[in-house]
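# What the coordinates show
Below, each chain spelled out in residue letters.
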Number of protein chains: 4
Amino acid sequence: MLLTQLREEVLEANLELVRGGLVLYTFGNASGVDREQGLVVIKPSGVDYDKLKPEHMVVTDLEGNIIEGNLRPSSDLNTHTLLYREFGEIGAVVHTHSEFATSFAQAGLPIPAFGTTHADYFHGPVPVTAPLSDEAIEGQYVRETGAAIVARFRGGEDCAAIDPLAVPACLVHGHAPFVWGKTPHEAAHNAVVLEAVARMAYRTLSLEANTQEVSHTLLDRHYFRKHGAKATYGQSRKEHNL
Amino acid sequence: MLLTQLREEVLEANLELVRGGLVLYTFGNASGVDREQGLVVIKPSGVDYDKLKPEHMVVTDLEGNIIEGNLRPSSDLNTHTLLYREFGEIGAVVHTHSEFATSFAQAGLPIPAFGTTHADYFHGPVPVTAPLSDEAIEGQYVRETGAAIVARFRGGEDCAAIDPLAVPACLVHGHAPFVWGKTPHEAAHNAVVLEAVARMAYRTLSLEANTQEVSHTLLDRHYFRKHGAKATYGQSRKEHNL
Amino acid sequence: MLLTQLREEVLEANLELVRGGLVLYTFGNASGVDREQGLVVIKPSGVDYDKLKPEHMVVTDLEGNIIEGNLRPSSDLNTHTLLYREFGEIGAVVHTHSEFATSFAQAGLPIPAFGTTHADYFHGPVPVTAPLSDEAIEGQYVRETGAAIVARFRGGEDCAAIDPLAVPACLVHGHAPFVWGKTPHEAAHNAVVLEAVARMAYRTLSLEANTQEVSHTLLDRHYFRKHGAKATYGQSRKEHNL
Amino acid sequence: MLLTQLREEVLEANLELVRGGLVLYTFGNASGVDREQGLVVIKPSGVDYDKLKPEHMVVTDLEGNIIEGNLRPSSDLNTHTLLYREFGEIGAVVHTHSEFATSFAQAGLPIPAFGTTHADYFHGPVPVTAPLSDEAIEGQYVRETGAAIVARFRGGEDCAAIDPLAVPACLVHGHAPFVWGKTPHEAAHNAVVLEAVARMAYRTLSLEANTQEVSHTLLDRHYFRKHGAKATYGQSRKEHNL
């Protein structure tokens, strides 16, 4: 069986979505990529989480062709593979319909960076894509969903480009969030924190609709506290293994 | 004992409402119909869920006459039987007072189709009935509740007709949702998803009161992804039995 | 030991508040009255719920004098005893700071009767008292809290009288709900439903601030479905003991 | 090992934050101070709560120099130590990103004293600091966070001074709450109640944006019911040990 370790990690990331309260029934999916072999491991479609085992994971290439597995892959496969092809540094993708992040997506609004919880994980607002055109919806819809995410991060006339490692999440307009990270563990962790951040942004806007986002100085201070060479949060790898 | 299999399915659907967090105390009820025999199996009234057994289910005919059972049937029986008589293709009915769907019903508002979660299950907004007249309330009130649902789906001068299989739920004005499906399992599942969809519609409206509903193109794309001959979600029946 | 049966019932009602999610730490209290003996059984003050035993309950007379018990009674005792003296038909009183009912009390707003869930338990809006005067707060504050409830139910120039059996709950302005019933079980049950009804009224007002209350016809239909000689909900006492 | 008893108390306070639902992943931290020895015991940074043991706690002096321990202390250490130096009567500090208190902090709003639940614990609104300047953020940021809290309690031209024992919590603008008490147990307890109070204040403002705070008379009555020589709530120490 291919990629036994990555299968375990992808399974565990899927289960973390359940533990984090992001999942109803079989909604949601997580995948991971092996960059050397150019292979993706993804959850099968519509299978109960409590029955999932590593051998149920589906292995595809970066174009979504099935390489190993008897089950259908997640119906969102082609969004995952497009993100892997376009965002060369990410190692895992997670998709959920978690309540508050999805509500921002449905309202067509980004999640503003209102505080340090947000800044610890997302170096700026979590953006929302443009609505998909009818042509995109009627065409390669799942692939087009990924293309809308990539277009938003590439930026353009209306909006600045965003570094997908600095802001590892995007809301798809009228749909729900896609979240990523360097590993399946990190992507799932980011998805759980995204939902917490979305809850607090929702409450903040209810309390004061004109709340200003935090300053760039604060964004930098918090983001680089947990990321990069000068990070001061947590233990070194060895100490973390208590 | 009649209909032993359907009794099990109806019991299980009632318990799924509890697991889905839709139920307080003895609120809520689920039923199923055997179309060949013209018999309905329904939860008894006001019995604790954790004591329910298949033999407690009450069997009635399609007019609500008790055929088998020592307990009183759910006080909403006559709504269920009317729906079975009028919506010839449905196989099960569920009624809950779940918090967010009930709040839309109390506000007299339909649940708009704001995203793909909604579109996966409901091919358009979940409608709300007209308020019942004093005559209806003082008359055959429970039956009239069903009649108000049927009237809304039949349509008329003010509103278009709706296919009860394409939108398997209705909010009763000032009351709560009724939800249906082809099987008790599907009806209960739809009721759980309806509550999730109602939660997200509520949050969406709080964030942006003027949010537009998703396009008909998106409704079609998502609905037919999970329903009909061209469905691509999940596993074939055989593969689903892991 | 006096009143062993009532002690058990009062303890069980206190624990039902915990199970219903109405209680944080040692907040909340329930009591019951033995009308023949003129004695009240009430929870002790500030004791952890998971340590409570029947022998910890405090027995007082209707004036709040301790008859049996080594622990201090709930600090709200004098509200309970006043309600027993003034509302001659009630058998139990419950007090909680449950989140949504308390929020209506803090906003100084009654809980409107927006739907059938409400109407099944409360035959009209759940009222809120007038704010207590500085004199009342600085005087016999706990007793005055009860007096404000009684004043609201007696009615006057500004507001109609309310039957405490038809609407078994009141919000104390800037404080929280007091709820009652014929038995400790019923009072605790009413408190749990009150919180559910308050949640839905809050959501309903958020969706549509101008929502109208249900008609008197609907209030009557639902209230008398569960109460009085013509009740049709649930099983007769014998059938209920499955 | 130094301070074995205080280590246990600090660990227990950290775990109480988890039980109270205030914590996601490794967010949050609690500390305690030994005033005689001038030593602080604090949670290590970024360690899973379910692995925490007393020996993992880090001991520092009041300037934040590590005296005992192999793990990095919480990244918020310098806020804790500043509060211990400036607020001479407090014995423990807790920091969380609990959802509703953090949302008030993000909105830059104090938590108003809307009811008796609040008044039982906080003798007036829970204040919010001024936003930190860019210089403070780029400088000794963690220490400056504590300085902003102290500045708010010292008062000045714009705002009255506050007694840190009478209002044992402060919201840091754009960040989250810091809460304290005489003991680690009390500080954690106060943090859990703060979140409950914040939830109810949020609901109250949603229901009625112009809600007035409770009177000073009511604040006094409730606060001194639980605090000070004339407290009447709960049992004496001996009776509490049931």
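Rules behind the numbers
Residues numbered from 1 in each chain as written. Chains lettered and ligands numbered in written order. Predicted model: local features only at pLDDT ≥ 70, side-chain atom pairs only at ≥ 80, totals over all residues. Heavy atoms only, no water. Least-squares fit on C-alpha atoms with pLDDT ≥ 70 in both. Contact = heavy atoms within 4.5 Å. Pairing = 2+ DSSP bridges. Helix = DSSP H or I, 4+ residues; strand = E, 2+ residues; numbered from the N terminus. Axes fitted to C-alpha atoms, helices over the stretch in contact; angles between N-to-C directions. Polar contact = N/O pair within 3.5 Å; in protein donor to acceptor, adjacent residues only side chain to side chain. Buried area = accessible area lost by both parts, 1.4 Å probe. Salt bridge = Lys/Arg side-chain N within 4 Å of Asp/Glu carboxyl O.

### Overview of the relation of the copies chain C and chain D
- Laying chain C over chain D is done by rotating through 90 degrees and shifting 0.0 Å along the axis; what remains is an RMSD of 0.0 Å. Taken together, these values place the two copies in the relation of a four-fold axis. When C-alpha distances to the rotation axis are compared across chain C, the minimum falls at Ser206(C), with a value of 5.5 Å.
- Here only 6% of the interface residues in chain C have copies in chain D that are interface residues too; the copies meet through unlike faces.

### Some points on the sheet that holds strand E5 (residues 92-95) of chain C
Residue and element names in this part refer to chain C.
- On the basis of which strands lie adjacent, the open sheet formed by 7 strands has the order E4-E3-E2-E1-E5-E7-E6 and antiparallel pairing. The open sheet has two free edges, formed respectively by strand E4 (66-68) and strand E6 (169-171), since each of these has just one partner strand. Here the strands of the sheet are splayed against their neighbours by 25 degrees on average, with no regard to which way each runs.
- Alignment of strand E3 (residues 58-61) against E4, held across 2 bridges, turns out to be antiparallel. Its bridge partner lying in E4, Val59 is registered against Glu68.
- Relative to the sheet, helix H2 (residues 77-86) contacts strand E1 (29-34), strand E2 (39-42), E3, E5 and strand E7 (177-181), its axis offset from that of E1 by approximately 35 degrees.
- Its contacts with the sheet put helix H6 (residues 141-154) on E6 and E7, and the angle it makes with E7 is roughly 65 degrees.

### Some points on the environment of Ser133(A)
- By the secondary structure assignment, Ser133(A) is in the loop between helix H4 (116-121) and helix H5 (134-138).
- In the structure, Ser133(A) is positioned 11 residues away from Glu144(A) in sequence and 9.4 Å away in space, judged by C-alpha atoms.

### What to know about the relation of the copies chain A and chain B
- For the match of chain A to chain B, the screw axis carries a shift of 0.0 Å, the RMSD comes to 0.0 Å, and the turn is 90 degrees.
- With a heterologous cut-off of 20% or less, the 6% of interface residues of chain A that recur at the interface of chain B puts this contact in the heterologous class.

### As for the environment of Tyr121(C)
- Topologically, Tyr121(C) is positioned in the loop between helix H4 (116-119) and helix H5 (134-138).
- Considering only alpha carbons, one finds Tyr121(C) and His222(C), 101 residues apart in sequence, at a separation of 8.3 Å.
- Those residues in contact with Tyr121(C) that sit more than four places away from it in its chain are Phe27(B), Ala166(C), Pro168(C), His189(C), Asn190(C), Val193(C), Tyr223(C), Lys226(C) and His227(C).
- A distance of 3.1 Å separates polar atoms of two side chains, one belonging to Tyr121(C) and the other to His189(C).

### What about the arrangement of the chains?
- There is a gap between chain A and chain C: no contact, and a shortest C-alpha distance of 11 Å.
- At no point do chain B and chain D touch; the closest pair of C-alpha atoms across them sits 11 Å apart.

### Focus on the interface of chain A and chain B
- Across the boundary between the two partners, chain A contributes 33 residues, which contact 37 residues of chain B.
- Interface of chain A and chain B: buried area, both sides summed, is about 3100 Å²; carbon and sulfur atoms make up 55% of it.
- Looking only at chain A, the three residues that lose the most surface to chain B are Tyr25(A), Arg72(A) and Gln106(A), adding up to 21% of its buried area.
- Put simply, chain A and chain B have 2 salt bridges between them.
- Between Arg199(B) and Glu99(A) there is a salt bridge whose closest N-O contact spans 2.9 Å.
- Run the count over chain A and chain B and you get 12 residue pairs in polar contact (both at pLDDT 80 or more).

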